[in-house]
Amino acid sequence: MNGENAMKITKWDEQAAEDIGHAFGYYDYGQETGMGVFYSSKEAVANYIAVYVRMAFEGQMLYATSERGEGYIAYTLPGQKMNLKAGMAILKALFHNMSLKEMIRMGKALSKGGRSLQDRMKKEKKDFIFVGMVCVREQYQGQGYMRKVLDMAFSEGNRLHVPVILETDAKSKCDKYMHLGMELEGVRYMGAYGKMYDLIKYPN
């Protein structure tokens, strides 16, 4: 078991994956522009995230707050590599839910924003825990589970003495992460396609 009260997911739960996908796909961005702008519909975003969850499961990167699955987090430890099954899952997610034109458009927008914190730390050969997904299922939101979810990764960062990093596509999400102890490291501007926020939590 990794992290503080973290339960590694060892049994696949299709309903949980669909719930996580729906929470992401139908997130209320208000006046902001999120990554959903690159997809044809909210349902396409939800489907992509559901398959991303499968990738995290196959890669042994998926954890939950408890057997009830109130909240989930996917993170990679320093040196942890994506296995073949996980790699195939993420490729399937992309090609099933985005057209080639949409993928090219997203790639150009991300490139315009500049190098991510993850890419910069990799280039500098610095160890870190990368959080690829954080989600509280909709029926459990507003009950404090987001803190419990993040604490899993934070406690691993403290144990290994490495920072925890993540990126998000909305200031409303960024503000929540900062409220829970992360620092804003930088903002990447993608023009009409919104912004990406790089956050970091240094070990205690």
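Note that the structure is predicted; figures quoted are calculated from it, not measured.

## Here's the deal with helix α6 (residues 145-160)
Item 1. Spanning 16 residues, α6 covers 23 Å between terminal C-alpha atoms, matching the ideal 22 Å at 1.5 Å per step.
Item 2. Bending of α6 peaks at approximately 30° at the position of Asp151.
Item 3. Within α6, the full set of buried residues consists of Tyr145, Val149, Leu150, Met152, Ala153, Phe154, Ser155, Glu156 and Gly157.
Item 4. Those residues of α6 hidden inside the fold are in contact with β2 (62-64), β3 (71-76), β4 (129-136), β5 (164-168), α7 (171-179) and β7 (195-201).
Item 5. Following α6 by one or two positions, His161 has its phi on the positive side, about 60°.

## Thoughts on the pattern of salt bridges
Item 1. According to the stated counting rule, one finds 10 salt bridges in the structure shown.
Item 2. Between Arg159 and Glu156 there is a salt bridge; the shortest N-O distance is 2.8 Å. Residue Arg159 and its partner Glu156 are located together in helix α6, separated by three residues, close to a single helical turn.
Item 3. Given a relative accessible area of 2%, Glu156 falls into the buried group.
Item 4. A salt bridge links Lys173 to Asp169, with the shortest nitrogen-to-oxygen separation between them at 3.0 Å. Asp169 carries the same exposure label as Lys173, and that label is buried.

Cut-off values and rules
- Residues numbered from 1 in each chain as written.
- Predicted model: local features only at pLDDT ≥ 70, side-chain atom pairs only at ≥ 80, totals over all residues.
- Heavy atoms only, no water.
- Helix = DSSP H or I, 4+ residues; strand = E, 2+ residues; numbered from the N terminus.
- Expected span 1.5 Å × (residues − 1).
- Bend = angle between axes of the 7 residues up to and from the residue.
- Buried < 20%, exposed > 50% of the residue type's maximum accessible area, 1.4 Å probe, protein only.
- Contact = heavy atoms within 4.5 Å.
- Salt bridge = Lys/Arg side-chain N within 4 Å of Asp/Glu carboxyl O.

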